[in-house]
There are 2 protein chains.
Amino acid sequence: MKRTLIKDIAAHEGKEIMLSGWVHRIRDLGGVTFVILRDRSGRCQVVTNDEVELNQESVVQAYGKVAPNEKAPGGYELALDRFEILGAAEPELPFPVNGDPAKVGIELILDQRMISLRNPKILSIFRLQAALVKYFGEYLRSNDFTEIKSSKMIGTGTEGGTSVFEVEYFDRKVFLAQSPQFYKQAMVSSGLERVFEIGHAYRAEKHETSRHINEYVSLDVEMGFIESEMDIIELERGLLTYIFDKVNENNKADMEVWGATCPTGEQMKKAPVITHDEAKKIIREKLERRVFEISPEGERVLSAWAEEEHGTPLVFINEFPRRKRPFYTYPKGTKTMSFDLVFRGLEITTGGRRINEYDMLRETLPRFGMTEEQLGGYADIFKYGCPPHGGFAIGLERLTQKILGLGNIKECSLFPRDRKRVMP
Amino acid sequence: MKRTLIKDIAAHEGKEIMLSGWVHRIRDLGGVTFVILRDRSGRCQVVTNDEVELNQESVVQAYGKVAPNEKAPGGYELALDRFEILGAAEPELPFPVNGDPAKVGIELILDQRMISLRNPKILSIFRLQAALVKYFGEYLRSNDFTEIKSSKMIGTGTEGGTSVFEVEYFDRKVFLAQSPQFYKQAMVSSGLERVFEIGHAYRAEKHETSRHINEYVSLDVEMGFIESEMDIIELERGLLTYIFDKVNENNKADMEVWGATCPTGEQMKKAPVITHDEAKKIIREKLERRVFEISPEGERVLSAWAEEEHGTPLVFINEFPRRKRPFYTYPKGTKTMSFDLVFRGLEITTGGRRINEYDMLRETLPRFGMTEEQLGGYADIFKYGCPPHGGFAIGLERLTQKILGLGNIKECSLFPRDRKRVMP
């Protein structure tokens, strides 16, 4: 018998069907037993007068007849004929799959990741995340961007300040890429002009915070023939307007289990652009103390300000000082053509225009204590003709976290890696 | 003035426009100069009576009037008013960007990767590759598969026989994942049931062949509630039918520069499924010698046989012997429920049903000299209820190579990594 998905049972009223899924919950009321079955499409009540010898989370096929029942979730239930076991579960679960994850700590959630991901509330995080990846690609492809896949093992470890992981590569050492920065610039200059990459990025930072992980998915974008970072800001504004509109249109269910609200596309359109100096002033006035840089606390102040003044939880900050940005950032006096995007108190994007002129690059490198040789073939991108260009990267886990309002970024990585965690 | 893309110039006949792009070629005929300009959309002839002081590959804006010219490629040219330089190129190029890459060796192509990618013929490989990734995701999403992003740094290095790269991870060692095998199985058992991943995979093998690279992009698929590897074969057949049809529909230009022909969807539908024993018999009869395993030469024989007998360059081989497959492969007597797909003489896929029963897994491990502890949390997937499932992976670079008929897989990786190459 062909399998029916739970979401489709109403169409089979009165008919014999077969459901397949996990035993989510068993309630034995003495004489009658209710089994909640879970498949990828939803949950369904299965009712039987027989004794049920099943463990929670066993995978079964349930044969029976679809019957209307006002009290059943969805209005229908399966009157059981018989179960067949496809994959038996041991009796004691290491994680409350059918419970509220808020009642267990994040450590248990991550230690028992293989099982905690079955919790429907936890799993909804990753259904939403998959949707974000899809919308990201859709918008960019429809704007003539080409997807690239660049190497994550690089021969030189000198992109910027952050520390890198070393890999034993045959008889030498290489490094895990902190970002596809150089490669996406190379692909703009290759003639693709507009590229994006969805890939892992690695930071060997010893952070232990709720906003850092050592391996994350970077949604990278780079575009040629721009004039300043404002073109890139408007590109990201358009992209996130599309993504937020799509989430509100298609992903309500995954939002609702977390009681979350996604910003509207309209709110993205309204996100103000303020300079780094203006941002510091806003923070200073709010916190009533001198401000030297934009701290996590400052980011929260800025989001509150944007909400109050502009009715949006998003704010772009541009014109970062030169010393706060990597060497490849395009200068503008003592400032740079660069920006951050802060969303609900967390920086989710860094971007800007990059240096595209070989002479300017050569002038800049010594100021950062660097040489052209250190950069491998990077300088070639500019030596042989490169358009003005820029781009940005969105941290996928941070974006997911902020849309759903979750407390810790690690909840938004399937198998997160931090200083202490490399398993499962 | 707003930029016009080269592909759109016909619509601007007689009008002043501005093109942006790379100086592809300069022909000075004394008194009149033709400059071929290249942008992401195509190439265009720019004509001027003035002297042109430009280097090849400089990035310029060209202002002028669109004029019909039967002799110009596309039927239109730009009568130049003036050039403005956006990114100047040095005079001596390290790679013949406007030449035939067949005339230079693969070593120069890869050594000068930053510039060789500008060669339109070489760049077309990666436009096609981006399309393959797009079609792969489209087909799977429309069949209710969810995209996942799993960690590439794993705490245990014991998935199978292949050697792994070690990473210095703070005060311990971890390994680069050879595949997302365990994670995609975990996500089937999480309740997503149907998942795919597009991500890097790492093999520390000391091969130096035209079919191996040490870092590649793996197109991974895993699906629950199957009966045997035949369900997975039919899934891949449907997927590749879709991909090949789409390539033939949309990517003719990138195929033509290589003189390549993509199989039709019909040919994919006709791909036969033969057992490992049958395959060996076919190879034995053709080569007239005893055959113990399916070598690269054998794969070429099988493709020739499929072409001759079934009119298709694709052939599935199933029922591999148990000793040739990893421990997690579902057994079928002394054989397994597993398969390879050979395409134009090259294996591009390995797949099959996996063991989903905890007892069977525990029985199997010692036969492969393994313990449950070695596997980190892997056994938990099965201990707590897992549906029958299976999947496969397609090597993106191999698929690209075989569609375009290229000699070396390294041509199909933007920044390939082999024993000696980690730059650029």
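Bear in mind that the values here come from a model prediction, so they are computed numbers and not experimental data. The residue count restarts for each chain, going from 1 along the sequence in the order it is written. Chains and ligands are labelled sequentially in the order written, the chains with letters from A and the ligands with numbers from 1. Given that this is a predicted model, residues contribute local features only at a pLDDT of at least 70 and side-chain atom pairs are listed and counted only at 80 or more, while totals for whole chains, interfaces and linings are drawn from all residues. To obtain the side-chain values, all non-hydrogen atoms of the structure were used and water was disregarded.

All names here are of chain B. Read across the open sheet, the eight strands follow the order β7-β11-β12-β19-β18-β17-β14-β13; overall the sheet is mixed. Of all strands in the sheet, those with a lone pairing partner are β7 (146–147) and β13 (273–275), marking the two edges. Criterion used throughout: strands pair if DSSP finds at least two bridges between them. We count a stretch as a helix when DSSP gives it H or I for four or more residues in a row; a strand needs E for two or more, and each element gets its number in order from the N terminus. Here strand β17 (residues 338–343) runs beside strand β18 (residues 346–354); their pairing, made up of six bridges, is antiparallel. Considered in β18, the bridge of Ser338 is made with Gly352. Along the sheet face, helix α9 (residues 296–310) touches β13, β14 (314–318), β17 and β18 and points at about 120° away from the line of β14. We call two residues in contact whenever any of their non-hydrogen atoms come within 4.5 Å of each other. Here, axes are lines fitted to C-alpha atoms. For helices the fit covers the stretch in contact, and angles between N-to-C directions go from 0 to 180 degrees.

Attention now goes to the sheet that holds strand β8 (residues 153–154) of chain B. Spatial strand order, β8(A)-β10(A)-β9(A)-β9(B)-β10(B)-β8(B): six strands in an open sheet with antiparallel pairing. Either end of the sheet is taken by a strand with one partner, and the two such strands are β8 (153–154) of chain A together with β8 of chain B. Sheet topology places β8(A) next to strand β10 (residues 172–176) of chain A; two bridges connect them, and they run antiparallel. For A:Met153, the partnering residue across the bridge sits in β10(A) and is A:Leu176.

Here the focus is the side chain of B:Glu193. When you line up the elements, B:Glu193 lands in the loop between α4 (181–192) and β11 (194–202). A polar atom in the side chain of B:Glu193 sits 2.8 Å from the side chain of A:Arg3. Residues in contact with B:Glu193, not counting those within four places in the same chain, are A:Arg3, A:Trp22, A:Asp39, A:Arg40, B:Met187, B:Val188, B:Glu222, B:Met223, B:Gly224 and B:Phe225. Any N or O atom pair separated by 3.5 Å or less is treated as a polar contact, with the protein-specific requirement of one donor-capable and one acceptor-capable atom, and with residues adjacent in sequence counted only for side-chain atom pairs.

Only residues with pLDDT of at least 70 in both copies count here: their C-alpha atoms drive the least-squares fit that superposes the copies. Between the two copies, chain B and chain A, the superposition gives an RMSD of 0.0 Å; the rotation angle is 180° and the shift along the axis is 0.0 Å. The superposition operator between the copies reduces to a two-fold rotation axis. The rotation axis passes nearest to the C-alpha of B:Val167 in chain B, at a distance of 2.2 Å. Mapped onto chain A, 99% of the interface residues of chain B are again interface residues, and the two copies thus contact each other with one and the same surface.

With that settled, consider the packing of helix α8 (residues 276–287) of chain B against α9(B). All names here are of chain B. α9 packs onto α8 with a crossing angle of 95° between their chain directions and a minimal axis gap of 9 Å. Classified by the interaxial angle, the pair formed by α8 and α9 is roughly perpendicular. Mapping the contact onto sequence places Ala279, Ile282, Ile283, Lys286 and Leu287 in α8 and Glu297, Gly298, Val301, Leu302 and Trp305 in α9. Under the grouping applied here, Gly and all other residues not named as nonpolar or charged are polar, the nonpolar ones being Ala, Val, Leu, Ile, Met, Phe, Trp, Tyr, Cys and Pro and the charged ones Asp, Glu, Lys and Arg. Counted by class, the contact of α8 with α9 contains seven nonpolar, one polar and two charged residues. Each angle gets one of four labels, with under 35 degrees taken as roughly parallel, over 145 as roughly antiparallel, 65 to 115 as roughly perpendicular, and the rest as oblique.

This next bit is on unusual backbone geometry. Residue and element names in this part refer to chain A. Residue Pro424 is reached from Met423 by a cis peptide bond, and omega for that bond is -10°. Counting through the fold element by element, Pro424 comes out in the segment after α12 (396–404). Even without a glycine there, the phi angle at Glu193 is positive, about 70°. Any residue under 20% of the maximum accessible area for its type is buried, any over 50% is exposed, and the rest in between are partly exposed; the area is computed with a 1.4 Å probe on protein chains only. Since its relative accessible area comes to 0%, Glu193 is described here as buried.

Salt bridge, as applied in this entry: a Lys or Arg side-chain nitrogen positioned within 4 Å of an Asp or Glu carboxyl oxygen. Enumeration over the complete set of coordinates arrives at 73 salt bridges over all chains. A salt bridge links B:Arg127 to B:Asp254, with the shortest nitrogen-to-oxygen separation between them at 3.4 Å. Remark: B:Asp254 occurs in helix α6 (residues 252–256) and B:Arg127 occurs in helix α3 (residues 120–142); sequence separation between them is 127 residues. Each of A:Arg3, A:Asp39, A:Arg40, B:Asp144 and B:Glu193 takes part in salt bridges that share partners, so that together they form one network.

Next up on the list: the pairing of β17(B). Regular strands place their side chains on alternate faces of the sheet. Residue and element names in this part refer to chain B. Taking burial as the measure, the six residues of β17 include six buried ones, the bulk of the element. Of the two faces of β17, the one holding Ser338, Asp340 and Val342 and the one holding Phe339, Leu341 and Phe343 are both buried throughout. Where β14 meets β17, five bridges bridge the pair, whose relative direction is antiparallel. The partner of Phe316 across the bridge, within β17, is Leu341. Taking the residues that link successive antiparallel strands as the turn, the β17-β18 hairpin has two residues, and the phi of Arg344 there is positive, at about 50°.

What follows is about the interface of chain B and chain A. With 97 residues of chain B at the interface, the matching set in chain A holds 96 residues. Once two parts are joined, some of their accessible surface, as seen by a 1.4 Å probe, is lost; buried area is that loss totalled over both. Note on chain B versus chain A: buried area summed over both sides is about 7800 Å², and carbon and sulfur give 66% of it. For chain B, the biggest contributors to the area lost against chain A are B:Arg40, B:Phe170 and B:Tyr384; these three give 10% of the whole. Across the chain B-chain A interface, the total number found is six salt bridges. Ionic pairing is found between A:Glu193 and B:Arg40, a salt bridge with its closest N-O pair at 2.9 Å. Viewed at the interface, chain A and chain B are joined by 42 residue pairs in polar contact (both at pLDDT 80 or more). With eight residues, the top contributor of residues to the side of chain B that touches chain A is α4(B).

When the domains of chain A are assigned, the result is domain 1 (3–87) and domain 2 (113–412). Residue ranges for the domains trace back to a domain assignment, done automatically or taken from a database. Between domain 1 of chain A and domain 2 of chain A, the C-alpha centre-to-centre distance is 45 Å.

Below, the discussion takes up a negative patch on the surface. Taken together, A:Asp28, A:Asp50, A:Glu51 and A:Glu53 make up a surface patch of like negative charges. Tracing the chain through its elements places A:Asp28 in strand β2 (residues 16–28). A patch is a set of surface residues, each over 30% in relative accessible area and not in a salt bridge, joined within 9 Å for like charges and within 5 Å for the nonpolar side chains Val, Leu, Ile, Met, Phe, Trp and Tyr. Reported accessibility uses the Shrake-Rupley method at a 1.4 Å probe radius. Residues are deemed covered only where the shown protein chains occlude them. Asp and Glu are treated as the negative residues and Lys and Arg as the positive ones, with His and the ends of the chain left uncounted. Charge positions are represented by NZ for Lys, CZ for Arg, CG for Asp and CD for Glu.

Bringing the pairing of strand β3 (residues 33–39) of chain B into the picture now. Residues and elements named next belong to chain B. Of all seven residues in β3, seven are buried, a share of seventy percent or more. Note that strand β2 (residues 16–28) and β3 share six bridges and pair antiparallel. By the bridge assignment for β3, Arg27 is matched with Phe34. Once β2 ends, the chain turns through four residues before running back antiparallel as β3, passing Gly30 with a positive phi of about 70°. Between β3 and strand β4 (residues 42–48), which pair antiparallel in sequence order, lie two residues.

A few words now on the packing of aromatic side chains. Ring pairs (aromatic) are described by centroid distance and by the angle formed between their planes. Stacked, edge-to-face and tilted are the three classes for Phe, Tyr and Trp ring pairs, Trp counted by its six-membered ring, which pair at centre distances within 6.5 Å; planes under 30 degrees apart are stacked, over 60 edge-to-face, the rest tilted. Scanning the model with the defined rule gives 30 aromatic pairs over all chains in all. Where A:Trp22 meets B:Phe225, the ring centres are 5.7 Å apart and the plane angle is 90°; that geometry is what we call edge-to-face. Here A:Trp22, found in strand β2, pairs with B:Phe225, found in the loop between β12 (215–224) and α5 (229–250), and the two come from separate chains. Seen in terms of ring centroids, B:Phe316 and B:Phe339 are 5.8 Å apart; in terms of plane orientation they differ by 65°. Their pairing is edge-to-face. Pair noted here: B:Phe316 is in strand β14 and B:Phe339 is in strand β17, with a separation of 23 residues, a long-range link. Grouping residues by exposure puts B:Phe316 and B:Phe339 together as buried. A connected cluster of aromatic rings, assembled from ring pairs, spans A:Phe182, A:Phe327, A:Tyr328, A:Tyr378 and A:Phe382. Just above the ring of A:Tyr330 sits the side chain of A:Arg353; from NZ or CZ to the centre is 3.7 Å. The ring of B:Trp258 carries B:Lys121 above its face, with NZ or CZ at 4.6 Å from the centroid. Here, a charge over a ring is recorded when the distance from Lys NZ or Arg CZ to the ring centre is within 6 Å and its angle to the ring normal is within 35 degrees.

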